[in-house]
Structure formats: C-alpha cells, structure tokens
Amino acid sequence: MAPVPDFHVVIPAGGAGTRLWPLSRAGHPKFLTDLTAAGRTLLQQTWDRLVPLTGPDGIGIVTGQRHAGVVQNQLPDLSAENLWIEPGPRDSMAAIGLAAAILARREGPQAVLGSFAADHVITGQEQFAVAVRTAIDAARAGYIATLGMRATYPATAFGYIRAGEPLSSDQTLAASAEDTRATTGAQQVAAALQVAEFVEKPDAATAAEYSESGAYFSNAGMFVFQTGVLLDHLRRLHPDLH
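So, here is what we can say about the structure in this document. (Residues numbered from 1 in each chain as written. Predicted model: local features only at pLDDT ≥ 70, side-chain atom pairs only at ≥ 80, totals over all residues. Heavy atoms only, no water.)

It is worth spelling out the nonpolar core at this point. Ranked by size, the top nonpolar core spans 33 residues in total, and within it Phe7, Leu43, Ile61, Val71, Phe116 and Val224 carry the most contacts. Contributions of two or more residues to this core are made by β1 (7-13), α1 (42-54), β2 (59-64), α2 (65-74), α4 (125-140), β5 (145-149) and β8 (216-226). With seven residues, the single largest contributor to this core is α4. Residues in contact with valine 224, not counting those within four places in the same chain, are Phe7, Val112, Leu113, Gly114, Phe116, Ala135, Ile136, Ala139, Tyr143, Ile144, Ala145 and Leu147. Among the nonpolar cores identified, the runner-up in size contains 15 residues, and Ala104, Ala111, Phe225 and Leu231 belong to it. (Core = buried A, V, L, I, M, F, W, Y, C linked by side-chain atoms within 4.5 Å. Buried < 20%, exposed > 50% of the residue type's maximum accessible area, 1.4 Å probe, protein only. Helix = DSSP H or I, 4+ residues; strand = E, 2+ residues; numbered from the N terminus. Contact = heavy atoms within 4.5 Å.)

Written as structure tokens, this is what we have:
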C-alpha cells in the first residue's frame, strides 16, 4: 500500500522512565526498550507501523536532549531535520503543538499531521492503516480525529470515548478533494463517528457498563488533524501554550 500523499506524523518520545523501573529508567525509558521480545524497541515498532503510511521523510520525533542520540541511533532513516529537541520537559500537547507549528511553517496550515505515541503495542497493521486513512480523510474535512480502541475488558486505567452518530455525507463534501482516492474519500469519512463524550478513567463498575454497552472506545491518545485547525484551537483555548 502506497504512502498517503501529504500526510505527516509526529511521535512524541519522552518520559521519566519511572513506570517500569528498573527495566525502564530516566536515561532509557520504555519506548527505547524491546519490551515485547520482538527484536525491535517500542519506538522502532512505532516507526515500522507508520512508515508505510508516510515514507521515512514524513515522520518527525520530538524528544529530549538526553534521548536524542539513542533515538537517532535506533532510527537511522530519520531525517536530521525531523528530530526535534525539546528545550525542557513539557507535556504531550506541547510536543504535538511544536510539531504542528513546525509543519505549518514548512507546508502550510492545510498539512495533515498525525500524533502517535512511541510506546504503544498494536497488532493488526492492516486494520490500523485503514483506521488512520479514515482519520486522515476526516482531518481533511476540517475535523480533529481521534482513534479509539475496542476494549477487551473493563479497564480503569484508560479514558473512554462515547461514540456518537456517523459523519453524514453532507459533512464530507470537502474530504479528499486533492487525494488520489477521491472517489472513496467521502465513504471513508462517513465511516468515522462523531465524539459524543470523553470520560476520564472510570471506576470498575462504570468501566464494565461501558464495555458491555458497545458504545464506548478506549481512548488511545492518537490524533489526526490539519495543523492550522489544531493551532487555531490552541490559540483560542490555550493562548499561553500557543
């Protein structure tokens, strides 16, 4: 499957290395470790999962000075101009916003950027790619898209997304106008659902209700958007961060 034209990815690769100590440490957090015995670290597996969608020049990494050298060694195909060093530790939104600002300056506010964590374990590459392509089409129609996961058990450590109605055909007229897949773009966006509600880490009984209902997805924290759309939201909602 060919890369998606004009699609870019940022992988925020930070962390204090405390959750899986001593296997994960401050100087070697879990994304730099082969936790699944796959012969590739979690960061390398994330790269492997995304590079078919972007090509190697479409992926950027935001990381701290302490980890920059190891990141470059683990990802030899990463372009030097796409390794972005944080001047200090901040949260994920600061890293994603930095990448959006850089890409908007390079490519313009219509550029589509996806943010994907460096330490996820995801199986089913084909299904993942289809979901990302659907999110790209929704982003080109002006939405911020998020990828949800079907919960396999009632987890209390995840936030949840309550799914709303499908995006209707009249909302997808702008989708994929410049995409080589223009004839199927509107159908892809229509496969996306509106978000009715975000819920933070419920208790066990509520999580069980969510799982049984089939209306909720686990919040994976993966987002796809036009850079200008995200920066406009930041300007309005978080002007200091903007």
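This next bit is on the side chain of threonine 46. Within the secondary structure, threonine 46 is located in helix α1. Of the residues examined, threonine 46 reaches a relative accessible area of 0% and is grouped as buried. Not counting chain neighbours up to four residues away, the residues in contact with threonine 46 comprise Ile11, Ala117, Ala118, Asp119 and His120.

Attention now moves to the pairing of β1. Counting buried residues in β1 gives seven out of seven residues, a clear majority hidden from the surface. Along β1, one buried face is formed by Phe7, Val9, Ile11 and Ala13 and the opposite face, lined by His8, Val10 and Pro12, is buried too. As defined by bridge partners, β1 adjoins strand β4 (residues 112-115) across four bridges and the pair is classed as parallel. Its bridge partner being in β4, valine 10 is matched across the sheet by serine 115. Bridge count between β1 and β2: five bridges; the pairing is parallel. Each residue of the ladder has a partner; that of alanine 13, found in β2, is threonine 63. (Pairing = 2+ DSSP bridges.)

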